[in-house]
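Descriptive structure summary
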Amino acid sequence: MYNERIAKLRSRLEDPLLVTFLPNIRYLTGFTGSNAFVLVSNDRLVFITDGRYAEMGERIVSGIDGAELVTYRTGLVDVLIEQFGDSERVGLEAKDVSWSFVHGLKEKARAGLIATTGVVEQLRAVKDDAEIASLAAAAAVGDAAFTQVRELAATAQSEADLGWGIVGAMRQAGGRQAGWPPIAAAGPNAALPHHLSAGDPLGSGLLLLDYGCTVDGYHSDMSRTIWLQGEPEEEIKRMHGAVLESQEAGIAAVAPGVTGHDVDEACRAVLRDYGYEDLFLHSTGHGVGLEIHEGPRLAKSSEDVLVAGNVVTVEPGIYVAGFGGVRIEDMVVVTAEGHRVLTESDKGWNA
Ligand code: ZN
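Residues numbered from 1 in each chain as written. Predicted model: local features only at pLDDT ≥ 70, side-chain atom pairs only at ≥ 80, totals over all residues. Heavy atoms only, no water.

Further remarks concern the overall build of the chain. Along the chain, the regular secondary structure elements total 11 helices and 19 strands. Here the C-alpha atoms of the chain give a radius of gyration of 23 Å, agreeing with the 20 Å that 2.2 N^0.38 yields for 351 residues. Summarising its shape, the C-alpha atoms of the chain cover approximately 70 × 40 × 35 Å along the three principal directions. Expressed as a percentage of its 351 residues, the buried residues of the chain come to 54%. Look at the contacts in the chain between residues 6 or more apart in sequence, and 64% of them connect residues 24 or more apart. Surface exposure of the chain reaches about 15,600 Å², of which carbon and sulfur atoms provide 50%. (Helix = DSSP H or I, 4+ residues; strand = E, 2+ residues; numbered from the N terminus. Rg over C-alpha atoms; globule rule 2.2 N^0.38 Å. Buried < 20%, exposed > 50% of the residue type's maximum accessible area, 1.4 Å probe, protein only. Contact = heavy atoms within 4.5 Å. Areas by Shrake-Rupley, 256 points an atom, 1.4 Å probe, with all protein chains shown as cover.)

Note on metal sites: the ideal angle is 109.5 degrees for four tetrahedral donors, and 90 or 180 degrees for six octahedral donors. In this structure, Asp 221 (OD), His 286 (NE2), Glu 315 (OE) and Glu 329 (OE) serve as the protein donors to the zinc ion, at separations of 2.0 to 2.3 Å. The coordination sphere of the zinc ion comprises four donor atoms, whose angles at the metal cover 79 to 149°; the geometry is irregular. (Donors = N, O, S within 2.8 Å, 3.2 Å for Na, K, Ca; no water. Tetrahedral: all angles 85-135°; square planar, octahedral: opposite > 155°, others 65-115°.)

Now for the side chain of Thr 49. Within the secondary structure, Thr 49 sits in strand S3 (residues 45–50). One polar contact links the side chain of Thr 49 to the main-chain carbonyl oxygen of Asn 35, over a distance of 2.6 Å. Leaving out residues up to four positions away in the same chain, Thr 49 has contacts with Phe 31, Asn 35, Ala 36, Leu 69, Val 70, Thr 71 and Tyr 72. (Polar contact = N/O pair within 3.5 Å; in protein donor to acceptor, adjacent residues only side chain to side chain.)

Attention shifts here to the packing of helix H10 (residues 234–253) against helix H11 (residues 260–274). Between H10 and H11, whose axes approach to 7 Å, the crossing angle comes to 155°. Here H10 lies roughly antiparallel to H11, going by the angle between them. Seen along the crossing, H10 lies across H11 with a hand that is right-handed. Seen from H10, the contacting residues are Arg 238, Gly 241, Ala 242, Val 243, Glu 245, Ser 246, Ala 249, Gly 250 and Ala 253; seen from H11, they are Val 263, Ala 266, Cys 267, Val 270, Leu 271 and Tyr 274. Within the contact of H10 with H11, the residues separate by chemical class into 10 nonpolar, three polar and two charged. (Axes fitted to C-alpha atoms, helices over the stretch in contact; angles between N-to-C directions. Parallel < 35°, antiparallel > 145°, perpendicular 65-115°, else oblique. Left-handed = near helix turned anticlockwise from the far one by under 90°. Nonpolar A, V, L, I, M, F, W, Y, C, P; charged D, E, K, R; others polar.)

If you trace the three strands from one edge of the open sheet to the other, you get S8-S9-S12, paired in antiparallel fashion. Of all the strands in the sheet, just strand S8 (183–186) and strand S12 (222–227) have a single pairing partner and so form its edges. Each strand of the sheet is rotated relative to its neighbour by a mean of 10°, with strand direction disregarded. Bridge count between S8 and strand S9 (residues 206–211): four bridges; the pairing is antiparallel. Note on S9: the bridge partner recorded for Ala 185 is Leu 208. Across the sheet, helix H7 (residues 129–146) lies against S9 and S12, angled at about 15° from S12, the strand it touches most. (Pairing = 2+ DSSP bridges.)

Before going further, it helps to spend a moment on the domain arrangement of the chain. Split into domains, the chain comes out as domain 1 (2–124) and domain 2 (129–341). Distance from the C-alpha centre of domain 1 to the C-alpha centre of domain 2: 35 Å. Across the boundary between the two partners, domain 1 contributes six residues, which contact seven residues of domain 2. Taken together, domain 1 and domain 2 are joined by three salt bridges. The salt bridge partner of Arg 124 is Glu 294, with a shortest N-O separation of 2.7 Å. Where domain 1 meets domain 2, there are three residue pairs in polar contact (both at pLDDT 80 or more). Per-element tally for the side of domain 1 that touches domain 2: the top contributor is helix H2 (residues 22–29), with three residues. (Domains from an automatic or database assignment. Salt bridge = Lys/Arg side-chain N within 4 Å of Asp/Glu carboxyl O.)

Before going further, it helps to spend a moment on H2. Burial runs high along H2: six of the eight residues are buried. Of all the positions in H2, only Pro 23, Asn 24, Ile 25, Tyr 27, Leu 28 and Thr 29 are classed as buried. Just downstream of H2 lies Gly 30, where phi reads positive at about 85°.

Written as structure tokens, this is what we have:
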């Protein structure tokens, strides 16, 4: 698996690439630690890490054809430069490296340092079957937690308390880590798309949830908006109906060859008809994988073209300050025929 990914990466390289971004390193090698560098050229792969990961490093290089392991304790810059050898140019991952790291290298390196963006990320955007299975498993964990939400909400002391309850439910269902502290936004707090759940009580009405976990390092991401007791106000029902219709139109649009803009527009057009477009405060969705937000983007300005193997969220929402908000989000795989939805939880306000 890693050999295949590295071969694909090599076919795209003009110069050796120093991979520093940890999700990219995990994708290429399986490394799950916090410090490593991978120098990939057409004929070499050097895995560089510090003493803490020497043993893990041994295991990693033993699984990759021709890989070499270099461990260091101090003097990282010199270690990297030695590995650059007489390469004329070396690519760096421009979105990951820090100013001080680049300048430290520049002072000593003979090789020219080239800024690259998205080289490994473009490979990661197209998932293989094993990755899709991990994403589906993570989505199933989110669904399992959702079946317990009403019960958890009945005894939760606060939004954050419900968040912890959801984390526990995900852990029991096989989640390895929470993707982030769950968003549980009650009443007017639901008007903030990324509300930070804290000590506010849940109340008995509107509740917006957005949470996820990881399985094998792959993220799930889902949002539901429900009403805790009784019937919602008419305006919330109308908002919920509009968002659900918008979200389903977005999902229906997901297929190979369609742009991120097209899916966004499918969602937006429904909200426009309801007069809610101005209340849609974010874009429609994002790729999901080893990172919670990755390519492709589903947004008004996105020219990303969907291909089979992309996994994206479709998550329109509308927000009325001081009143409340509704967001509904699923994870969707792009397939050769169109799409398949991974999250299966009921989407009604009384779910
Ligand atoms: Zn999302």
